[in-house]
Amino acid sequence: MGVYNKNFMDNSEIIPRPNAELVKASEAPALLNEVRPAWQAKNLIVRVHRLLEVDPSSACQRLFNAAMHDLREKVVIAGIDIAADAAKQHGLPTLTKAEDIENYSTSKLIDLAYRIGLLSRPEWRRISRCYEIRKDLEHEDNEYEAGVEDCVYIFKTCVEVVLAVDPIRLLKVADVKDLIEQSTPVAPAESLVEDFGSAPQSRQEDICKFLVSIALDREQPDIVQQNAYIFLFNLGPLVQNSVKLKVANWFQERIGRDKLDRRHAKVAVAAGAFPYLRQAQIADVYEDVYAQMEKVGAHWSGYQEHGELLRSFDEIGGLQFCPSKQKRKILKWLVLAYIGELGGRTRYGNIRNVFYSNTAAPLIEDFIGESAQLIRDDLRALEFDKDVIDKCANQHVARRFQYLLDLVETSEYDTVQPAP
């Protein structure tokens, strides 16, 4: 241990460690100013301030102890239920009540904080390294003394990763339930989205399953179902892949071998679970989409129905999850609807070189541009399709098809010159 007089708190004379001046001149003292106000006034931090000038090794140990004490409190605030689940899942000591956290060893506490999302993996590694340095400091002797780099590392990590960070109150299912059950349309606040992103896997899973259940429950008011879907749509990008897989398995059990209808597919896409469902059921969804496209027709005169049809297609991911067989058929329909046909004089007396659906065209551009890598080869193959060849006999129609080809050759499709 660092040498300091037992009467230190009485301001007795202390012999400074040889490296004390170097540490004092480093960034370590300034880092203490970043500690949360709730900790600034505590005796432990006050002692760290005073020890730093004479015994950096002891100051580091006490700062690390403060960080571990803060981490224990944060685990309790985050939720014993979450901590208990994480402990069970990852083979850590059993937790049943808040007091059990006090019995956790330092190394197990660090692991638990990582498993429930209080520490990221890089932060977990940094804190674990601090723990190793701290153990070395406890056994200092004439042959080993903490270097300036050790002290700065501990100060920087303990302050930035733990002591400067506010406790996290993990998002609960009840919090989400209260929001979506309002009588008006609601969307999750940015802070809620951030809280969901930092939530551990088990909490994300619970929230996703709850929202899926409500979004598909026809006994719920329409506004509540819609709110649940909106929440899923906004939270979906932050769902961890392992959670998506678990939700997909649970979702698959709900539907069994029944046909996957458009409504279920829409909710599954929002939850990020759709690509993990049975491929045969996914194919059925897209067969239904194509059948509806064929019913409406690719002719420009169907423009009044194209908007709803294509927006519904977008809700199930567009071409992103479409199996190859259905993708080729749907892509051809999209191309034919987009390129149009030989124009002429409109009923208003204007001349249009090409007649095409103004409603469908911009939506189709989005589908093709966003899925460029997935459909590039299939789109090129349509150059040799008889129906496309016949339409492209007209140079103006051919230019619209060429625009689509250009669209898939660039990742930034919005930089391509607009189609005529």
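First things first, this report covers the structure right here in the doc. (Residues numbered from 1 in each chain as written. Predicted model: local features only at pLDDT ≥ 70, side-chain atom pairs only at ≥ 80, totals over all residues. Heavy atoms only, no water.)

**Quick look at the overall build of the chain**
Looking only at helices and strands, the chain has 22 helices and two strands in total. Every one of the 420 residues in the chain was classed for burial, and the buried ones make up 47%. Taking the intrachain contacts of the chain between residues at least 6 apart in sequence as the baseline, contacts between residues at least 24 apart amount to 70%. As displayed, the chain has an accessible area near 21,500 Å², and 48% of this comes from carbon and sulfur atoms. (Helix = DSSP H or I, 4+ residues; strand = E, 2+ residues; numbered from the N terminus. Buried < 20%, exposed > 50% of the residue type's maximum accessible area, 1.4 Å probe, protein only. Contact = heavy atoms within 4.5 Å. Areas by Shrake-Rupley, 256 points an atom, 1.4 Å probe, with all protein chains shown as cover.)

**Concerning the nonpolar core**
Side chains that are nonpolar tend, in soluble globular proteins, to be buried together. Counting 80 residues, the largest nonpolar core has Leu-211, Phe-313, Ile-330, Leu-334 and Leu-379 as its most contacted members. Broken down by element, this core gets its largest block of residues, nine residues, from helix H18 (residues 324-339). Excluding anything up to four places from it in sequence, Phe-313 contacts Tyr-286, Val-289, Met-293, Gly-318, Leu-319, Ile-330, Leu-334 and Phe-367. Ranked by size, the runner-up nonpolar core spans 50 residues in total, among them Leu-71, Ala-87, Tyr-131 and Val-159. (Core = buried A, V, L, I, M, F, W, Y, C linked by side-chain atoms within 4.5 Å.)

**With respect to the packing of aromatic side chains**
Considering all chains together, one arrives at nine aromatic pairs under this definition. Seen in terms of ring centroids, Tyr-286 and Phe-313 are 6.3 Å apart; in terms of plane orientation they differ by 90 degrees. Their pairing is edge-to-face. Residue Tyr-286 is located in helix H16 (residues 279-296), and its partner Phe-313 is located in helix H17 (residues 303-315); the two are separated by 27 residues in the primary sequence. Phe-313 carries the same exposure label as Tyr-286, and that label is buried. A network of ring pairs unites the aromatic residues Phe-274, Tyr-286, Phe-313, Phe-321 and Phe-367 as a single cluster. (Phe/Tyr/Trp six-rings, centres within 6.5 Å; stacked < 30°, edge-to-face > 60°.)

**Examining H18**
Across its 16 residues, H18 extends 22 Å between first and last C-alpha, which sits within 8% of the 22 Å expected from 1.5 Å per residue. For H18, the complete set of buried residues consists of Gln-326, Lys-327, Ile-330, Leu-331, Trp-333, Leu-334, Val-335, Leu-336, Ala-337, Tyr-338 and Ile-339. Phi for Gly-340, located one or two positions after H18, is positive at around 75 degrees. (Expected span 1.5 Å × (residues − 1).)

**Topic: the pattern of salt bridges**
Enumeration according to the criterion identifies 19 salt bridges in this entry. Residue Arg-203 pairs with Asp-81 through a salt bridge whose shortest N-O separation is 3.0 Å. Highlighted residues: Arg-203 in helix H12 (residues 201-215) and Asp-81 in helix H6 (residues 80-89), separated in sequence by 122 residues. Assessed through its relative accessible area of 5%, Arg-203 is described here as buried. (Salt bridge = Lys/Arg side-chain N within 4 Å of Asp/Glu carboxyl O.)

**Remarks on the packing of helix H5 (residues 56-78) against helix H9 (residues 148-163)**
Running from N to C, H5 and H9 point in directions that differ by 20 degrees, and their axes come no closer than 10 Å. Relative to H9, H5 is oriented roughly parallel. Classified by chirality, the crossing of H9 by H5 is left-handed. Touching Pro-56, Ser-57, Ala-59, Cys-60, Leu-63, Phe-64, Ala-66, Ala-67, Asp-70, Leu-71 and Lys-74 of H5 are Cys-151, Ile-154, Phe-155, Cys-158, Val-159, Val-162 and Leu-163, all from H9. (Axes fitted to C-alpha atoms, helices over the stretch in contact; angles between N-to-C directions. Parallel < 35°, antiparallel > 145°, perpendicular 65-115°, else oblique. Left-handed = near helix turned anticlockwise from the far one by under 90°.)

**A short note on the packing of helix H20 (residues 372-381) against helix H22 (residues 395-408)**
Closest axis-to-axis distance for the H20/H22 pair is 9 Å, and the angle between their directions is 140 degrees. By the criterion of interaxial angle, the relationship of H20 to H22 is oblique. In this structure, the crossing between H20 and H22 has a hand that is left-handed. Across the interface between the two elements, Ala-372, Ile-375, Arg-376, Leu-379 and Arg-380 of H20 pack against Phe-401, Leu-404, Leu-405, Leu-407 and Val-408 of H22. Looking at the contact of H20 with H22 residue by residue, the classes come out as eight nonpolar, no polar and two charged. (Nonpolar A, V, L, I, M, F, W, Y, C, P; charged D, E, K, R; others polar.)

**A few points about the side chain of Gln-281**
Its location among the elements puts Gln-281 in helix H16. According to the relative accessible area criterion, Gln-281 is buried, its value standing at 4%. Here the side chain of Gln-281 touches Asp-258 through a polar contact of 2.8 Å, landing on its backbone oxygen. Not counting residues up to four positions away in its chain, the partners in contact with Gln-281 are Gln-252, Ile-255, Gly-256, Arg-257, Asp-258 and Leu-260. (Polar contact = N/O pair within 3.5 Å; in protein donor to acceptor, adjacent residues only side chain to side chain.)

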